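Structural description and commentary
Listed below, chain by chain, are the residues.
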Amino acid sequence: MADQYDDESARASLRFLVHSAASLAFPDRVLVGGRNVSGAYLYSFDDGSPMTEEAVGQLDQELKTLMRIDVPIETTSVGHAEAVAYFEKANMRRSVALLRSRVTDRVPVHTVSTGTSVIWRLALLGQQLVPRTSTLAPSPPRLHSHHAQLLVAFGSGTNAAG
């Protein structure tokens with residue numbers, strides 16, 4: 001249960017899963033952002049396309065599937081060239097730009113594997129994530145379309161309506 005992890009760890013894990021779900025639901029688009037707005041997080045697609053209610057529904061389903069299938073969330077390091085190649089193929093231009101400005105032998109990444117897809121996100125902040133996707137199932141985020149963007153509210157005390 002997520003309660004055994006600190007709030008920061010659970011929120012970082014949920015943000016990672018939101019990005020992972022978006023990568024699975026929309027492989028040709030990249031979810032960006034995560035700016036904190038009144039305790040919730042605001043995301044958009046990097047191509048500027050609006051976040052429709054249909055897209056929110058697809059993302060919500062993918063997120064619930066990730067939590068249901070109970071797979072490990074791992075943090076590892078990969079070679080710099082391997083990381084650049086992965087993020088280029090995933091069309092994650094911001095991650096590639098960051099990697100090119102911070103060349104190191106090894107790059108820390110958070111990963112989740114569904115059996116058919118492996119999703120990476122940079123893990124440069126040293127955040128500890130929960131060990132499995134199902135750990136987060138008791139407190140799933142609430143997803144809403146908000147002014148053509150995605151608003152993700154975490155935990156029962158977050159007010160996403162404002």
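See the structure above.
Residue positions are counted from 1 within each chain, in the order its sequence is given. Two thresholds apply to this predicted model, a pLDDT of at least 70 for residue-level local features and 80 or more for giving and counting side-chain atom pairs, whereas whole-chain, interface and lining totals are computed over all residues. To obtain the side-chain values, all non-hydrogen atoms of the structure were included, while hydrogens and water were left out.

Attention now goes to the overall build of the protein chain. Helix and strand definitions follow DSSP, with helices as H or I runs of at least four residues and strands as E runs of at least two, each counted in order from the N terminus. On a plain count of helices and strands, the protein chain comes out with four helices and seven strands. What you see in the protein chain, going N to C, is helices and strands ordered as α-β-β-α-β-α-α-β-β-β-β. Only C-alpha atoms enter the radius of gyration; for comparison, a globular chain is expected to reach 2.2 Å times N to the power 0.38, where N is the number of residues. The C-alpha radius of gyration computed for the protein chain amounts to 15 Å, which stays within 12% of the reference 15 Å derived for 162 residues, consistent with globular compactness. Projecting the C-alpha coordinates of the protein chain onto the three principal axes gives extents of approximately 45 × 35 × 30 Å. For the protein chain, the residues scored as buried account for 44% of the 162 residues in total. In the protein chain, the share of contacts with a sequence separation of at least 24, taken over all contacts with a separation of at least 6, comes to 67%. Note that accessible areas follow from Shrake-Rupley with a 1.4 Å probe, and for residues the cover is restricted to the protein chains shown. Carbon and sulfur atoms provide 49% of the accessible area of the protein chain, an area that totals close to 8,400 Å². Only protein chains enter the calculation, and the probe is 1.4 Å; a residue is then buried if its accessible area is under 20% of its type maximum, exposed if over 50%, and partly exposed in between. Should any heavy atoms of two residues lie within 4.5 Å, those residues are considered in contact.

A separate point is the pattern of salt bridges. By definition, a salt bridge exists where a carboxyl oxygen of Asp or Glu is found within 4 Å of a side-chain nitrogen of Lys or Arg. Inspection of every chain in the model, using the stated rule, returns six salt bridges. Across the pair Asp46 and Arg93 runs a salt bridge, and its minimum N-O distance is 3.2 Å. Remark: Arg93 occurs in helix 4 (residues 93-101) and Asp46 occurs in the loop between strand 2 (40-45) and helix 2 (53-69); sequence separation between them is 47 residues. One salt bridge connects Arg132 with Asp70, and the closest N-O pair in it is separated by 2.9 Å. Taken as a pair, Arg132 in the loop between strand 5 (118-122) and strand 6 (142-146) and Asp70 in the loop between helix 2 and strand 3 (73-79) lie far apart in primary sequence, 62 residues in all. By relative accessible area, Asp70 is classed as partly exposed at 29%.

Running from amino to carboxyl end, helix 1 (residues 7-25) crosses helix 2 at an angle of 115 degrees, the nearest separation of the two axes being 8 Å. In this structure, the crossing between helix 1 and helix 2 has a hand that is right-handed. Each of Leu14, Leu17, Val18, Ser20, Ala21, Ala22, Leu24 and Ala25 in helix 1 lies in contact with helix 2, whose residues at this interface are Gln58, Leu59, Glu62, Leu63, Leu66 and Met67. Looking at the contact of helix 1 with helix 2 residue by residue, the class counts come to 11 nonpolar, two polar and one charged. The angle between two axes is taken between their N-to-C directions and runs from 0 to 180 degrees, where each axis is a line fitted to C-alpha atoms and a helix contributes only its stretch in contact. For a crossing to be left-handed, the near helix must be turned anticlockwise from the far one by less than a right angle; the clockwise case is right-handed. Charged means Asp, Glu, Lys or Arg here, nonpolar means Ala, Val, Leu, Ile, Met, Phe, Trp, Tyr, Cys or Pro, and polar covers whatever is left, Gly included.

So, about the packing of aromatic side chains. Centre distance within 6.5 Å is the pairing criterion for rings of Phe, Tyr and Trp, where only the six-membered ring of Trp is used; planes under 30 degrees apart are then read as stacked, over 60 as edge-to-face, and the remainder as tilted. The tally for this structure, following the rule as stated, stands at five aromatic pairs. Between Tyr86 and Phe87, the ring centres sit 5.1 Å apart and the planes meet at 90 degrees, which makes this aromatic pair edge-to-face. In textbook terms, an aromatic cluster arises when at least three aromatic residues are bridged by ring pairs, as seen for Tyr86, Phe87 and Trp120. By definition, being over a ring means that NZ of Lys or CZ of Arg is both within 6 Å of the ring centre and within 35 degrees of the ring normal. Of note, Arg29 hangs over the ring of Phe26, and the distance from its end group to the ring centre comes to 5.4 Å. In this structure, Arg29 is placed above the aromatic ring of Phe45, and the distance from its NZ or CZ to the ring centre is 3.7 Å.

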